[in-house]
Amino acid sequence: MSGVPTAWFLLLGAILFTIGAVGVLVRRNVLIVLMCVELMLNAVNLTFVALGRELNSLTGQVFVFFVIVVAAVEVAVGLAILVELNRLRQTADVDEVSELKG
Amino acid sequence: MVLFWVVAAVAVLAAGGVVLNRNAIYSALSLLVNFTMLAVLYLLLNAQFIAMVQVIVYAGAVVVLFVFVEMLLGATGRIQVTGWLTPRLIVAAVAGFLLLSTVGSVVYESAIGGMRGNATPEMLAQAGQVQVLGITLYTDYLLAVQLAGVLMLVGLVGALQLGQQWQRGRTSQTTKSTLPLRSTESASAGTSHTPVSESGG
């Protein structure tokens, strides 16, 4: 059970993080972009837990708690903004919303 | 060992499914699979409580929130997945390759160093994993726990405020709304603003 090396978990976390980052760059639907942000946060969580096990420390798991808290709040606020955006602009495309662009 | 490979492969495939699916609801379901596989990985890493929190918070709450918003918005057909944008795809692929190769080489070449704690598997098995974690959380990280609570409260109030704006805007749709974004929308709607998502496919 503990025979799996920590480096494999770290590599898996890196792969998942990369997939999430590419998804944020590629996709234009706000909903999918938020999902990809969640993917990246989960990859970081996996890295935290793996390193915490390797170093015999519980700090990694404590940090995962706070990351989960931040992720939950981020999803709630982000989806509320998305609903509001959909009401105002009838779109979910990130490229369509460019009011702040100079 | 075999379990790790199977779970890792499924997790990567599900993550790819989140990015590649054209239908957002399938992306949400792929996300659910990915979260569940990560919970299994946490079990493999001897982090049982994190695995439970992962299932409850992520697979339970977050995915349901995504699916709910998808249902709320996508039922009218206004959210359509737009097509691939080729230059963006190339840039993203190059950036992803660079990121993965950098992180991967660091993981491959460097040994894990650092100060080792006292939470050995034997100690955790003897004292109880959840008990030790709870004691750590409420003694060493008490201030951070309080701040996380404040953050959740602020997020709740913010989301509630946005939802109330939605309600208010729906009841006074015909009258002049006081929302600041409303004026810019009506100004751009007069010139050339057409919702692209109607025609995209």
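Conventions used here
- Residues numbered from 1 in each chain as written.
- Chains lettered and ligands numbered in written order.
- Predicted model: local features only at pLDDT ≥ 70, side-chain atom pairs only at ≥ 80, totals over all residues.
- Heavy atoms only, no water.
- Helix = DSSP H or I, 4+ residues; strand = E, 2+ residues; numbered from the N terminus.
- Rg over C-alpha atoms; globule rule 2.2 N^0.38 Å.
- Buried < 20%, exposed > 50% of the residue type's maximum accessible area, 1.4 Å probe, protein only.
- Contact = heavy atoms within 4.5 Å.
- Areas by Shrake-Rupley, 256 points an atom, 1.4 Å probe, with all protein chains shown as cover.
- Lys, Arg positive; Asp, Glu negative; His and termini not counted.
- Charge placed at Lys NZ, Arg CZ, Asp CG, Glu CD.
- Core = buried A, V, L, I, M, F, W, Y, C linked by side-chain atoms within 4.5 Å.
- Domains from an automatic or database assignment.
- pLDDT = per-residue confidence, 0-100.

Participant: So, the overall build of chain A: which residues are in play, and what are the values?
Facilitator: Across its full length, chain A carries 3 helices and 0 strands. Starting at the N terminus, the α and β elements of chain A follow one another as α-α-α. Taking 2.2 N^0.38 as the reference for a compact globule, 102 residues should give roughly 13 Å; the C-alpha atoms of chain A span a radius of gyration of 17 Å, well beyond that estimate. Across its three principal directions, the C-alpha atoms of chain A cover 50 × 25 × 25 Å. Burial statistics for chain A: of 102 residues in total, 65% are counted as buried. When contacts within chain A are restricted to residue pairs at least 6 apart in sequence, those whose partners lie at least 24 apart make up 63%. A total of about 3500 Å² of accessible surface is found on chain A, and carbon and sulfur atoms cover 73% of it. Charge-centre separation for chain A: the mean point of 6 positive side chains lies 4 Å from the mean point of 8 negative side chains.

Participant: Kindly report on the overall build of chain B, identifying the contributing residues and their values.
Facilitator: Check the secondary structure of chain B and you find 8 helices and 0 strands. In chain B, the succession of helices and strands from N to C terminus is α-α-α-α-α-α-α-α. Taking all 201 residues of chain B together, the buried fraction comes to 32%. Considering only intrachain contacts with a sequence separation of at least 6, the fraction spanning at least 24 residues in chain B is 58%.

Participant: Which residues make up the nonpolar core, and what values go with them?
Facilitator: Counting residues in each nonpolar core, the largest one holds 69 residues, and the members touching the most others are Phe9(A), Leu82(A), Leu41(B) and Phe66(B). For this core, the secondary structure elements donating two or more residues are helix H1 (6-26), helix H2 (30-54) and helix H3 (59-89) of chain A together with helix H1 (2-20), helix H2 (24-44), helix H3 (48-74), helix H6 (129-139) and helix H7 (142-171) of chain B. In terms of residues, this core owes the most to one element, H3(A), which gives 12 residues. For this core, the domains that each give at least three residues are domain 1 (1-82) and domain 2 (123-171) of chain B. Leave out the neighbours within four places in its chain, and Leu82(A) touches Val30(A), Leu31(A), Ala92(A), Val69(B) and Leu73(B).

Participant: Lay out the confidence of the model for chain A with the relevant residues and their values.
Facilitator: The pLDDT averaged across chain A works out to 88; a share of 97% of its residues lies at or above 70. Per-element confidence in chain A ranges from a low mean pLDDT of 89 for H3(A) to a high of 92 for H2(A).

Participant: Report on the environment of Leu39(A), specifying residues and quantitative values.
Facilitator: Relative to the assigned elements, Leu39(A) resides in helix H2. Accessibility expressed as a relative area gives 1% for Leu39(A), which makes it buried. Sequence separation between Leu39(A) and Leu16(A) is 23 residues; the distance between their C-alpha atoms is 6.9 Å. Setting aside residues no more than four positions away along its own chain, Leu39(A) makes contact with Gly20(A), Ala15(B), Val18(B), Leu31(B) and Asn34(B).

Participant: How would you sum up unusual backbone geometry? Please name residues and give values.
Facilitator: Positive phi is not limited to glycine here, since Asn56(A) has a value of about 55°. Position of Asn56(A) among the secondary structure elements: in the loop between H2 and H3. Despite not being glycine, Asn46(B) shows a phi value in the positive range, around 65°. Within the element layout of this structure, Asn46(B) appears in the loop between H2 and H3.

Participant: With reference to specific residues and values, describe the confidence of the model for chain B.
Facilitator: Residues and elements named next belong to chain B. When pLDDT is averaged along chain B, the result is 79, and 76% of the positions lie at 70 or above. This model gives residues 174-179 a pLDDT under 50, and the stretch forms 5 contacts once residues within four places in sequence are excluded. In this model, residues 181-201 is a region of pLDDT below 50 whose contacts with residues beyond four sequence positions or in other chains number 23 contacts. As a predicted assembly, this complex carries a pTM of 0.81 together with an ipTM value of 0.91.

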